Amino acid sequence: MFYAIVGQDAPDSLERRLATRPAHVERLRALQQAGRLLLAGPFPAVDGNEPGAAGYTGSLIVAEFESLADAQAWADADPYVAAGVYAGVSVKPFRKTFPA
């Protein structure tokens with residue numbers, strides 16, 4: 001089943017986000033290579049693809065896991081969590097409907 005993982009960035013976490021991004025992306029690539037990643041990306045803090053100093057407000061990851069517990073464990077082990085980029089993370093089951 002798919003799960004939506006939404007991380008909410010902590011205030012003033014842009015430097016930590018940028019420093020930790022390679023490790024975060026490496027885990028996403030592993031999901032992608034396993035055929036389990038539906039989509040992933042950050043929420044820019046401003047209306048644009050490159051927010052500059054405004055940074056980001058969080059991230060969305062939709063990926064396939066065996067269970068909610070597995071998805072939560074994966075999210076809890078994210079480098080952004082360990083580095084304090086995310087102030088909080090929610091994990092919810094997700095049912096892909098469109099595109100079919």
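Scroll up for the structure.
Notes on the structure follow. (Residues numbered from 1 in each chain as written. Predicted model: local features only at pLDDT ≥ 70, side-chain atom pairs only at ≥ 80, totals over all residues. Heavy atoms only, no water.)

As for the overall build of the chain
When helices and strands are counted, the chain shows three helices and four strands. When its helices and strands are written in sequence order, the chain yields β-α-β-β-α-α-β. Over its C-alpha trace the chain gives a radius of gyration of 13 Å, about what one expects of a compact globule, namely 13 Å for 100 residues. For the chain, the spread of C-alpha atoms along the three principal axes comes to 35 × 30 × 25 Å. Looking at the chain as a whole, 31% of its 100 residues qualify as buried. Per element, the accessible surface of the chain, about 6,200 Å² overall, is 54% carbon and sulfur. Positive and negative side-chain charges in the chain, numbering 9 and 11 respectively, have mean positions lying 5 Å apart. (Helix = DSSP H or I, 4+ residues; strand = E, 2+ residues; numbered from the N terminus. Rg over C-alpha atoms; globule rule 2.2 N^0.38 Å. Buried < 20%, exposed > 50% of the residue type's maximum accessible area, 1.4 Å probe, protein only. Areas by Shrake-Rupley, 256 points an atom, 1.4 Å probe, with all protein chains shown as cover. Lys, Arg positive; Asp, Glu negative; His and termini not counted. Charge placed at Lys NZ, Arg CZ, Asp CG, Glu CD.)

Some details on the layout of surface pockets
Here the largest pocket is characterised by a volume of approximately 220 Å³. Lining the largest pocket we find 14 residues, and of these Arg17, Arg21, Gly41, Pro42 and Tyr80 sit closest to its centre. Here the lining of the largest pocket takes six residues from helix H1 (residues 14–33), the largest share from any one element. (1 Å grid on protein atoms, 1.4 Å probe; cavity = no way out; pocket = protein on both sides within 12 Å on 5 of 7 lines; lining within 4 Å. Points joined across faces, edges and corners; volume = space filled by probe spheres on them.)

A word on unusual backbone geometry
The omega torsion across Phe98 and Pro99 is -10°, close enough to zero to call that bond cis. A positive phi angle, near 55°, is found at Asp12, a position not held by glycine. With respect to the helices, strands and loops of the structure, Asp12 is situated in the loop between strand S1 (2–9) and H1.

Things to note about the packing of aromatic side chains
Counted by the stated rule, this structure contains three aromatic pairs. When the ring of Tyr80 is compared with that of Tyr86, the centres are 5.4 Å apart and the planes differ by 90°; the resulting orientation is edge-to-face. The two residues Tyr80 and Tyr86 agree in class, both being buried. Aromatic rings pair up to connect Tyr3, Phe65 and Trp74 into one cluster. Here Arg27 stacks its cationic end above the ring of Trp74, 4.0 Å away from the centre of that ring. (Phe/Tyr/Trp six-rings, centres within 6.5 Å; stacked < 30°, edge-to-face > 60°. Lys NZ or Arg CZ within 6 Å of the ring centre and 35° of its normal.)

Some details on H1
Between its first and last C-alpha, H1 extends 27 Å over 20 residues, near the 28 Å set by a 1.5 Å rise per residue. Of all bends in H1, the biggest is about 55°, found at Arg21, and the proline Pro22 comes one to four residues later. Those residues of H1 that fall on the buried side of the exposure criterion are Arg17, Thr20, His24, Val25, Arg27, Leu28 and Leu31. Packed against the buried residues of H1 are S1, strand S2 (37–44), strand S3 (56–64), helix H2 (68–76), helix H3 (79–82) and strand S4 (86–94). (Expected span 1.5 Å × (residues − 1). Bend = angle between axes of the 7 residues up to and from the residue. Contact = heavy atoms within 4.5 Å.)

Quick notes on the environment of Met1
With respect to the helices and strands, Met1 occurs in the segment before S1. Residues Met1 and Leu68, 67 residues apart in the sequence, show an inter-C-alpha distance of 8.7 Å. Sequence-distant contacts of Met1, defined by excluding residues within four places in its chain, comprise Ala63, Glu64, Phe65, Pro93 and Phe94.

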